[in-house]
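Structural description and commentary
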Amino acid sequence: METVSHHNYGPYKAAARGAGHHKATMHMTFFWGHKAEVLFSGWPGNNSAMYALALAFVFVLAVLVEWLSYCKLIKPGTNDVVAGVMQTVMYTVRSGLAYMLMLAVMSFNGGVFLAAIAGHAVGFVLFGSRAFRKSSGSGCGSGSDSRTQTDLPSMKC
């Protein structure tokens, strides 16, 4: 009977051996520490300052996703074709940023995960909640019900 090891990530080990540059460690569970790879090979590396920059980048990325989710940038009366193209571009950018954020979280680094959650929370408070909602005008979270007046549909799982 053949046994299956839960710690032998066959294709990943083979890819790391084939690269010859450095031994890659792919975490499959959450871990803590500044020695992580986030989004790009070798980044942020072993440097604590670069790790802090990576956390700040993930935080800002999450805030941007929330901003794009709740902002109304297309003015009323805009030509329907132009508005449709603008909406498509905004949707594409938001989707790309959200996927990039998801890939960063897939580094399984606890700090990156917390930075992403904090960024989403801050972004929601600033742009989606009632805390900073204006009573009239255009912009983020404006109007009586900002969820129905945004340019983009909500993100669904």
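From a predicted model like this one, the values you see are computed outputs, not experimental measurements.

Points about the packing of helix 3 (residues 80-105) against helix 4 (residues 110-127)
- Relative to each other, helix 3 and helix 4 sit at 145°, their axes nearing to 8 Å. Contacts between helix 3 and helix 4 involve Leu 101, Ala 104 and Val 105 from the former and Val 112, Phe 113, Ala 116 and His 120 from the latter.

With respect to the packing of aromatic side chains
- Counted by the stated rule, this structure contains one aromatic pair.
- On the numbers, 5.8 Å between centres and 70° between planes, the contact of Tyr 70 with Phe 124 is edge-to-face. Of this pair, Tyr 70 sits in helix 2 (residues 48-70) while Phe 124 is found in helix 4, placing the two residues 54 residues apart along the sequence.
- With a relative accessible area of 29%, Phe 124 lands in the partly exposed category.

Thoughts on the side chain of Asn 109
- Here Asn 109 lies in the loop between helix 3 and helix 4.
- Asn 109 gets classed as buried once you look at its relative accessible area, which sits at 0%.
- Within the structure, the side chain of Asn 109 is placed 2.5 Å from the side chain of Tyr 51, a separation counted as a polar contact.
- In this structure the side chain of Asn 109 is engaged in a polar contact, spanning 3.1 Å, whose partner is the backbone nitrogen of Val 112.
- Excluding residues within four positions of it along the chain, Asn 109 makes contact with Phe 30, Phe 31, Gly 33, Ala 36 and Tyr 51.

As for unusual backbone geometry
- Backbone geometry places Phe 108, a non-glycine residue, at a positive phi of 65°.
- Tracing the backbone shows Phe 108 in the loop between helix 3 and helix 4.

Concerning a nonpolar patch on the surface
- Among the surface-exposed residues, Phe 30, Trp 32, Phe 113, Leu 114 and Ile 117 lie close enough to one another that they form a single nonpolar patch of about 550 Å² accessible area.
- Along the chain, Phe 113 falls in helix 4.

Section: the side chain of Glu 66
- Relative to the helices and strands, Glu 66 is located in helix 2.
- Here Glu 66 falls in the buried class, since its relative accessible area comes to 12%.
- Discounting residues that sit within four places of it in the chain, Glu 66 has contacts with His 120, Gly 123, Phe 124 and Phe 127.

What about helix 4?
- Between the first and last C-alpha of helix 4 there are 26 Å, a value that for 18 residues agrees with the 26 Å anticipated at 1.5 Å per step.
- Gly 110, Gly 111, Val 112, Ala 115, Ala 116, Gly 119, Gly 123 and Phe 127 are the residues of helix 4 that are buried.
- Residues of helix 4 that are buried make contact with helix 2 and helix 3.
- Looking at where helix 4 begins, the residue whose side-chain oxygen comes 2.9 Å from the main-chain nitrogen of Gly 111 is Asn 109.

Section: the confidence of the model for the protein chain
- Of all residues in the protein chain, 73% attain a pLDDT of 70 or more, and the chain-wide mean is 78.
- Of all secondary-structure elements in the protein chain, the lowest mean pLDDT belongs to helix 1 (residues 10-19), at 47, while helix 4 reaches the highest, 95.
- In the model, residues 1-5 has pLDDT below 50 throughout and makes zero contacts with residues more than four positions away in sequence or in other chains.

Focus on the environment of Ala 83
- The residue Ala 83 is located in helix 3 in this model.
- Ala 83 gets classed as buried once you look at its relative accessible area, which sits at 14%.
- Ignoring sequence-local partners within four residues, the contact set of Ala 83 consists of Ile 74 and Thr 78.

Some words on the nonpolar core
- Val 38, Val 58, Leu 97, Leu 101, Ala 104 and Val 112 are the most contacted members of the largest nonpolar core, which totals 15 residues.
- Counting only elements with at least two residues in this core, the list comes to helix 2, helix 3 and helix 4.
- In terms of residues, this core owes the most to one element, helix 2, which gives six residues.

Calculation notes
- Throughout this document, residue positions are counted from 1 along each chain, in the order its sequence is written.
- Totals for whole chains, interfaces and linings use every residue, but because this is a predicted model, local features are given only for residues with pLDDT of at least 70 and side-chain atom pairs only at 80 or more, for both listing and counting.
- With hydrogens and water excluded, all non-hydrogen atoms of the structure serve as input to the side-chain values.
- For helices, the fitted line uses only the C-alpha atoms of the stretch in contact; every axis is such a line through C-alpha atoms, and the angle between N-to-C directions lies from 0 to 180 degrees.
- A run of H or I in DSSP becomes a helix once it reaches four residues, and a run of E becomes a strand once it reaches two; helices and strands are each numbered from the N terminus.
- Two residues form a contact once any of their heavy atoms are found within 4.5 Å.
- What counts as a ring pair is set by centres within 6.5 Å for rings of Phe, Tyr and Trp (its six-membered ring), and what kind of pair is set by the plane angle: stacked under 30 degrees, edge-to-face over 60, tilted for all other angles.
- Buried residues are those whose accessible area, probed at 1.4 Å on protein chains only, stays under 20% of the maximum for their type, while exposed residues exceed 50% and partly exposed ones sit between those limits.
- What qualifies as a polar contact is a pair of N or O atoms within 3.5 Å, subject to a donor-acceptor requirement within protein and to the restriction that residues adjacent in sequence count only when both atoms come from side chains.
- Patch members must show over 30% relative accessible area and no salt bridge, and they are joined within 9 Å when carrying like charges or within 5 Å when they are nonpolar side chains of Val, Leu, Ile, Met, Phe, Trp or Tyr.
- Each accessible area is a Shrake-Rupley result for a 1.4 Å probe, and residues are judged covered by the shown protein chains and nothing else.
- A pairing counts as a salt bridge when a side-chain nitrogen of Lys or Arg comes within 4 Å of a carboxyl oxygen of Asp or Glu.
- What a helix is expected to span follows from its residue count: subtract one and scale by 1.5 Å.
- Values of pLDDT, the confidence the predictor places in each residue, fall between 0 and 100.
- Put simply, a nonpolar core is a bunch of buried Ala, Val, Leu, Ile, Met, Phe, Trp, Tyr and Cys residues held in one set by side-chain atoms that sit within 4.5 Å of each other.

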